[in-house]
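Working through the structure, step by step
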Amino acid sequence: MSISVSHINKSYKTVKALQDISFEVKPGELFGLIGPDGAGKTTLFRILTTLLIADEGKATVAGFDVVTEYKNIRNSVGYMPGKFSLYQDLTVEENLNFFATIFGTTIEENYELIKDIYVQIEPFKDRRAGKLSGGMKQKLALSCALIHKPKVLFLDEPTTGVDPVSRKEFWEMLKRLQEKGITILVSTPYMDEAALCDRIALIQDGKILEIDTPEAIVRHYPKPIYNVRANNMYQLINSLNTYEFNHSVYPFGEFVHYTDRRTDFNPKELQAYLESKNLLNIEIEKTKPTIEDTFMELAKS
Amino acid sequence: MKTILYIIQKEFKQIFRNKGMLPIIFVLPLLQLVILSNAATFEVKNIKFGYIDNDHTSTSRALIEKFNASTYFDVLTDFPSENIGSAAMLQGEVDVLLEIPRHFERDLQKEKRTNLGVTINAIDGAAAGVENVYVTQIVQNFNQHLKVDLMQISDKQVQPVAIETIPLFWYNETLNYKTFMVPGILVLLVTMITLFLSGMNIVREKEIGTLEQINVTPIKKSQFIIGKLFPFWVLGLGLLTIGLIIAKLIFDVPMVGSLVLMYFYTSIYILVVLGIGLFISNFTETQQQAMFIAWFFTVIFILMSGLFTPIESMPEWAQIITEFNPIKYFVEVMRMVMLKGSGFMDILPQLLKTLLYAVIMNGLAVWSYRKTN
């Protein structure tokens with residue numbers, strides 16, 4: 001196992017940041033931690049990267065215990081914190097050189113690994129890191145985290161605050177790194193990115209709700225789900241919320257995702273109900289659940 | 001070793017790229033040295049002097065003439081009455097008011113004694129003390145001459161026994177304030193700059209988040225700390241050099257002792273300061289906090305260093321506290337070596353105490369520096 005976490009607990013005074021967290025990540029896997037802000041993702045990352053000591057439980061990374069063998073872990077993992085944390089007043093090249101040196105290596109030695117990413121920022125190698133755009137900072141940070149050829153890569157919300165195009169590029173880079181045999185643990189609050197992981201853990205309030213492949217998680221969704229649309233979104237949501245048989249009502253883009261409490265739910269009844277509420281252009285159709293739906297469902301219980 | 005060198009290199013790059021910081025590091029201290037050394041003297045000059053002469057005789061005029069001749073006093077006004085004089089002092093128009101009583105001359109000749117009224121504005125206690133000494137000196141001097149003049153023939157058998165003291169100011173014959181202020185202010189600058197910079201330095205990495213990134217690398221605590229602090233050690237010695245050059249060129253301060261000894265002591269002293277800086281940065285989260293704490297300690301250290309007020313004049317408990325003040329030792333050593341030419345054995349007590357301080361501070365700092373929390 002590349003990462004193995006068992007029964008980790010961590011509290012900050014009275015706040016329970018992590019409660020009985022257990023999961024395993026196989027070598028070469030792209031594993032996603034999906035959860036809203038404040039779910040405990042960063043705390044878990046800090047424990048796994050040896051920056052924080054858990055109150056209870058054991059964890060190993062690349063076969064090393066996070067408490068007793070932290071020195072080995074520091075040699076074999078790459079960590080990219082959520083906040084951009086490179087030296088803004090050093091140039092791109094100097095930053096990379098710095099991290100190469102403190103890991104006791106050189107850029108040349110592991111150039112192969114970062115080549116794909118680094119070529120994109122190489123034209124700006126004499127520019128100070130602080131003057132780079134958000135997407136380029138991201139690439140530089142990833143290059144720095146990879147410079148010592150880590151076995152495991154930790155990425156804490158790498159795409160928060162990055163534009164959609166750069167986000168897509170970033171995930172493509174992760175896929176390529178995965179092909180090179182690097183285990184990747186990535187956290188994100190974006191549910192759409194979850195589908196790009198091999199396996200995901202849904203996490204909320206310091207507890208893991210479910211761990212599985214994105215497909216399986218979606219398959220586990222217990223109820224048929226419907227896209228509902230009408231001419232007045234606000235009124236539609238209000239009406240659905242007051243409908244006596246509703247199970248869940250979540251706005252989802254131009255639709256409202258609706259599930260019903262009854263097993264023999266007939267969309268026609270709902271249509272009639274909504275018409276009685278003076279809504280027009282009503283459309284109700286069955287749809288596939290997404291990870292977000294699943295998350296909401298799990299978070300509800 | 002390569003890692004340390006690289007960190008040092010990186011640190012220097014960052015220092016020299018910080019356009020806001022460079023002038024603070026090099027230009028401001030030198031400005032301070034030039035300005036403070038000229039400004040911080042205990043000599044009180046141009047004292048606004050007023051008098052009330054109720055006697056109007058040749059003797060009273062001779063006394064006032066003495067004050068007039070002194071370079072310390074600006075004889076301003078002759079007040080017709082005490083009330084007007086007091087009002088003028090309330091207005092801040094005069095600092096020292098001398099009242100010569102009626103029958104001043106007659107009493108001197110007849111009774112061989114009389115009284116003078118001296119009023120000093122003591123809002124600034126230090127200045128008032130100095131002014132009092134000046135006034136006393138002038139009056140005594142006047143008294144000496146007067147005795148001889150007034151003595152009658154019959155008195156001549158009784159020779160006045162006057163004990164005259166002629167002080168010799170060793171190591172600073174002219175009692176030149178700059179000679180002993182310059183080494184002191186140099187100490188202050190070296191301390192302030194290295195303490196502030198080193199204190200803020202590691203906190204800065206905390207603030208921008210790079211410390212977290214560094215902490216997950218296999219770099220050793222000692223490598224990181226040495227790499228981070230070494231540049232400031234060099235900077236401190238650099239400041240000392242520039243300061244000494246200015247002291248020599250502009251103020252012509254005598255440098256009797258060995259420069260090597262001065263540098264040797266300073267290199268150990270800076271370790272103390274860096275240790276304190278690191279210690280502060282371990283317990284603060286922002287540069288602002290670090291700055292405030294560093295400032296707090298510097299003010300106490302400076303005021304209790306014997307730089308501006310002699311340690312001998314402090315109450316006993318305060319004198320005990322000064323034993324824990326590294327700046328005190330640095331001021332002592334600088335003055336001893338520069339002005340007196342003290343050798344290694346003379347400054348050994350200060351050297352040992354500083355060394356002990358350095359070991360303790362750095363030990364505490366390294367111990368409290370954590371890569372994990």
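Every value quoted in this text rests on a predicted model; they were computed, and no experiment measured them.

1. Structural notes on the interface of chain A and chain B
Across the boundary between the two partners, chain A contributes 26 residues, which contact 25 residues of chain B. Considering only the surface of chain A that becomes buried against chain B, Arg74, Tyr87 and Ile102 of chain A emerge as the three largest contributors, covering 24% of it. Put simply, chain A and chain B have four salt bridges between them. Across the pair Arg17 of chain B and Glu94 of chain A runs a salt bridge, and its minimum N-O distance is 2.7 Å. Where chain A packs against chain B, one counts 13 residue pairs in polar contact (both at pLDDT 80 or more). Here the side of chain A that touches chain B gets six residues from one element, more than from any other, and that element is helix 3 (residues 92–102) of chain A.

2. Digging into the nonpolar core
Leu142, Leu146, Leu153, Leu155, Leu177 and Ile184 of chain A are the most contacted members of the largest nonpolar core, which has 124 residues in total. In terms of residues, this core owes the most to one element, helix 7 (residues 177–208) of chain B, which gives 18 residues. Apart from the residues lying within four places of it in its own chain, the contact partners of Leu177 of chain A are Leu113, Leu142, Leu146, Leu153, Ile182 and Ile184 of chain A. Grouped together as the second largest cluster of nonpolar side chains are 30 residues, Ile21, Ala39, Leu52 and Ala54 of chain A included.

3. Focus on the environment of Thr210 of chain B
With respect to the helices and strands, Thr210 of chain B occurs in helix 8 (residues 210–215). Those residues in contact with Thr210 of chain B that sit more than four places away from it in its chain are Ser85, Leu86 and Tyr87 of chain A together with Glu205 of chain B.

4. Some remarks on empty space enclosed by the protein
What the rule picks out here adds up to four cavities of 30 Å³ or more. What lines the largest cavity is simply Val77, Gly78, Tyr79, Phe99, Phe103, Cys144, Ala145 and His148 of chain A together with Gln213, Val216 and Thr217 of chain B. The element that contributes the greatest number of residues to the lining of the largest cavity is strand 6 (residues 77–80) of chain A, accounting for three residues. Of the residues contributing to the lining of the largest cavity, the split by class is seven nonpolar, four polar and no charged.

5. Remarks on the domain arrangement of chain A
Residues and elements named next belong to chain A. Examined at the domain level, chain A breaks down into domain 1 (3–218) and domain 2 (223–300). Inter-centroid distance (C-alpha atoms) of domain 1 to domain 2 is 37 Å. Facing the 15 residues of domain 1 at the interface are eight residues of domain 2. Across the domain 1/domain 2 interface, buried area totals approximately 900 Å², and carbon plus sulfur atoms make up 81% of it. Considering only the surface of domain 1 that becomes buried against domain 2, Met191, Leu209 and Val218 emerge as the three largest contributors, covering 55% of it. At the junction of domain 1 and domain 2, the tally comes to zero salt bridges. Our enumeration of links across domain 1 and domain 2 arrives at zero residue pairs in polar contact (both at pLDDT 80 or more). Every element with two or more residues in the side of domain 1 that touches domain 2 is listed here: helix 7 (191–194), strand 9 (199–204), strand 10 (207–212) and helix 8 (214–219). For the side of domain 1 that touches domain 2, the element with the highest residue contribution is strand 9, accounting for four residues.

6. Description of the packing of aromatic side chains
Enumeration according to the criterion identifies 26 aromatic pairs over all chains in this entry. With a centroid separation of 4.1 Å and 35° between ring planes, the pair formed by Tyr269 of chain B and Phe330 of chain B is classed as tilted. Here Phe330 of chain B lies in helix 13 (residues 326–340) and Tyr269 of chain B lies in helix 10 (residues 259–282), a separation of 61 residues in the sequence. Tyr269 of chain B gets classed as buried once you look at its relative accessible area, which sits at 0%. By way of ring pairs, the aromatic residues Tyr226, Tyr243, Phe245, Tyr258, Phe265 and Tyr273 of chain A are connected into one cluster. Above the ring of Phe84 of chain A, the side-chain terminus of Lys137 of chain A is found at 5.3 Å from the ring centroid.

7. Brief notes about helix 7 of chain B
Residue and element names in this part refer to chain B. Between the first and last C-alpha of helix 7 there are 45 Å, a value that for 32 residues agrees with the 46 Å anticipated at 1.5 Å per step. Residue Asn201 marks the point of greatest curvature in helix 7, where the axis turns by about 25°. Within helix 7, 27 of the 32 residues are buried, which leaves it mostly tucked inside the rest of the structure.

8. Here's the deal with the pattern of salt bridges
Residues and elements named next belong to chain A. Inspection of the entire model under this criterion finds 27 salt bridges over all chains. Put simply, Glu157 and Lys41 hold a salt bridge, and the shortest N to O gap is 3.2 Å. Within this pair, whereas Glu157 is found in the loop between strand 7 (152–156) and helix 6 (164–179), its partner Lys41 is found in helix 1 (residues 41–48), the two being separated by 116 residues in sequence. We classify Lys41 as buried; its relative accessible area is 3%.

9. Re the pairing of strand 4 (residues 56–61) of chain A
All names here are of chain A. In terms of strand pairing, strand 1 (residues 3–12) meets strand 4 through five bridges, oriented antiparallel. Paired with Asn9 across the bridge in strand 4 is Glu56. Where strand 4 meets strand 5 (residues 64–65), two bridges bridge the pair, whose relative direction is antiparallel. The residue bridging Val61 from the neighbouring strand is Phe64, located in strand 5. Turn length for the strand 4-strand 5 hairpin, with the two strands adjacent in sequence and antiparallel, is two residues, and the turn residue Ala62 shows positive phi of about 55°.

10. Considerations on the sheet that holds strand 12 (residues 246–252) of chain A
All names here are of chain A. With antiparallel pairing, the four strands of this open sheet are ordered in space as 12-13-11-14. Pairing within the sheet leaves two strands with one partner each, and these edge strands are strand 12 and strand 14 (283–287). Strand-to-strand twist across the sheet, computed as the mean angle between neighbouring axes with direction ignored, equals 30°. Judged from the three bridges that link them, strand 11 (residues 225–229) and strand 13 (residues 255–260) form a sheet pairing that is antiparallel. Bridging from a neighbouring strand, Val228 pairs with Val256 of strand 13. Each of strand 11, strand 12 and strand 13 is contacted by helix 9 (residues 233–242), which is oriented at about 165° to strand 12, the strand it contacts most.

11. Considering the packing of helix 10 of chain B against helix 13 of chain B
Axes are the key here: two packed helices are described by the angle between their axes and the distance separating the axes. Residues and elements named next belong to chain B. For the pair helix 10 and helix 13, interaxial distance at closest approach is 11 Å and the crossing angle is 170°. As the angle between them shows, helix 10 and helix 13 are arranged roughly antiparallel. Facing helix 10, whose interface residues are Leu261, Met262, Tyr265, Thr266, Tyr269, Val272 and Ile276, helix 13 presents Pro326, Ile327, Tyr329, Phe330, Val333, Met334, Val337 and Met338. The residue inventory of the contact of helix 10 with helix 13, partitioned by class, reads 14 nonpolar, one polar and no charged.

Conventions and cut-offs
Residues numbered from 1 in each chain as written. Chains lettered and ligands numbered in written order. Predicted model: local features only at pLDDT ≥ 70, side-chain atom pairs only at ≥ 80, totals over all residues. Heavy atoms only, no water. Contact = heavy atoms within 4.5 Å. Buried area = accessible area lost by both parts, 1.4 Å probe. Salt bridge = Lys/Arg side-chain N within 4 Å of Asp/Glu carboxyl O. Polar contact = N/O pair within 3.5 Å; in protein donor to acceptor, adjacent residues only side chain to side chain. Helix = DSSP H or I, 4+ residues; strand = E, 2+ residues; numbered from the N terminus. Core = buried A, V, L, I, M, F, W, Y, C linked by side-chain atoms within 4.5 Å. Buried < 20%, exposed > 50% of the residue type's maximum accessible area, 1.4 Å probe, protein only. 1 Å grid on protein atoms, 1.4 Å probe; cavity = no way out; pocket = protein on both sides within 12 Å on 5 of 7 lines; lining within 4 Å. Points joined across faces, edges and corners; volume = space filled by probe spheres on them. Nonpolar A, V, L, I, M, F, W, Y, C, P; charged D, E, K, R; others polar. Domains from an automatic or database assignment. Phe/Tyr/Trp six-rings, centres within 6.5 Å; stacked < 30°, edge-to-face > 60°. Lys NZ or Arg CZ within 6 Å of the ring centre and 35° of its normal. Expected span 1.5 Å × (residues − 1). Bend = angle between axes of the 7 residues up to and from the residue. Pairing = 2+ DSSP bridges. Axes fitted to C-alpha atoms, helices over the stretch in contact; angles between N-to-C directions. Parallel < 35°, antiparallel > 145°, perpendicular 65-115°, else oblique.

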